[in-house]
Amino acid sequence: MDRRTVCGLLPALCLLLVPACQKPVVRAQGEGGIAATYSRPTLSARLPAGTRVPAVIAAADDTMRARGYSVQATGATEEVGAVEARPPRTTDWPKVEVRASAVADTTLVEISVSPWGDQELSRSLLDGILRRLGL
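Described below are features of the structure shown in this document. (Residues numbered from 1 in each chain as written. Predicted model: local features only at pLDDT ≥ 70, side-chain atom pairs only at ≥ 80, totals over all residues. Heavy atoms only, no water.)

Section: the pairing of strand β2 (residues 34-39)
(1) Moving on: Burial of the side chains of β2 is restricted to one face: Ile34, Ala36 and Tyr38 are buried, whereas none of Ala35, Thr37 and Ser39 on the reverse face is.
(2) Moving on: Looking at chain direction, strand β1 (residues 25-29) and β2 are connected through 5 bridges and run antiparallel. Considered in β2, the bridge of Arg27 is made with Ala36.
(3) Moving on: Between the end of β1 and the start of β2, which pair antiparallel, lie 4 residues, with Gly30 showing a positive phi angle near 70°.
(4) Moving on: Taking the residues that link successive antiparallel strands as the turn, the β2-strand β3 (residues 42-47) hairpin has 2 residues. (Buried < 20%, exposed > 50% of the residue type's maximum accessible area, 1.4 Å probe, protein only. Helix = DSSP H or I, 4+ residues; strand = E, 2+ residues; numbered from the N terminus. Pairing = 2+ DSSP bridges.)

Structure representation (structure tokens):
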């Protein structure tokens, strides 16, 4: 590679490394004060024992549809589930994905906004999901 190509790629490489240097942000969410950790581009939270994966996915689906999202795909079993949706815009991005999985005696919920992540949107969606679950 010539020098101009290397110099042109260097800033892009630095931008890709910036999210890796950020510390995860933990905040309490919902009425129960559930700890939710944001590490770009994903917000994750462990829900209390007894919270079923299909219920989480149904709450995520309801939350997104109530906000005008176009739900592209949804599915759930007792072990894993996911909802993929797009906000009401004219483009194909961002894409929002909510995943839930049974882990030991809890349910892990992960919300990702692609391509760059959006902490506030992710937390807002989690609040909507928790409200529907009564948490």
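Considerations on the environment of Ala55
(1) Moving on: Mapped onto the secondary structure, Ala55 falls in helix α2 (residues 53-66).
(2) Moving on: Owing to a relative accessible area of 30%, Ala55 belongs among the partly exposed residues under this scheme.

Some details on the pairing of strand β4 (residues 70-76)
(1) Moving on: Bridge count for β4 against strand β5 (residues 80-86) is 6 bridges, and the pairing is antiparallel. Within the sheet, the bridge partner assigned to Ala76 lies in β5 and is Gly81.
(2) Moving on: Counting the residues that bridge the hairpin from β4 to β5 gives 3 residues.

As for the sheet that holds β1
(1) Moving on: Spatially, β1-β2-β3-β7-β6-β5-β4 is the arrangement adopted by the 7 strands of the open sheet, whose pairing is antiparallel. Since the sheet does not close on itself, it has two edges, and those belong to β1 and β4, each with one partner. Each strand of the sheet is rotated relative to its neighbour by a mean of 15°, with strand direction disregarded.
(2) Moving on: Along the sheet, helix α3 (residues 119-133) makes contact with β1, β2, β3, β6 (95-103) and β7 (106-114), crossing β1 at roughly 30°. (Axes fitted to C-alpha atoms, helices over the stretch in contact; angles between N-to-C directions. Contact = heavy atoms within 4.5 Å.)

Describing α3
(1) Moving on: For α3, spanning 15 residues, the distance from its first C-alpha to its last is 21 Å, which sits close to the expected 21 Å at 1.5 Å a residue.
(2) Moving on: Residues of α3 that are buried: Gln119, Leu121, Ser122, Arg123, Leu125, Leu126, Gly128, Ile129 and Leu130.
(3) Moving on: Turning to α3, the residues buried within the fold contact β1, β2, β3, α2, β6 and β7.
(4) Moving on: Capping the start of α3, Asp118 holds a side-chain oxygen 3.3 Å from the backbone nitrogen of Glu120, two or three residues further along.
(5) Moving on: Looking one or two residues beyond α3, the residue adopting positive phi is Gly134, at roughly 75°. (Expected span 1.5 Å × (residues − 1). Polar contact = N/O pair within 3.5 Å; in protein donor to acceptor, adjacent residues only side chain to side chain.)

Some remarks on unusual backbone geometry
(1) Moving on: For the bond from Arg40 to Pro41, the omega torsion is 5°, close enough to zero to count as cis.
(2) Moving on: Between Ser114 and Pro115 the backbone carries a cis peptide bond, its omega angle lying at 10°.
(3) Moving on: Its location among the elements puts Pro115 in the loop between β7 and α3.
(4) Moving on: Positive phi, normally seen in glycine, also occurs at Ala104, with a value near 55°.
(5) Moving on: In this structure, Ala104 sits in the loop between β6 and β7.
(6) Moving on: When its relative accessible area of 83% is taken as the criterion, Ala104 is described as exposed.

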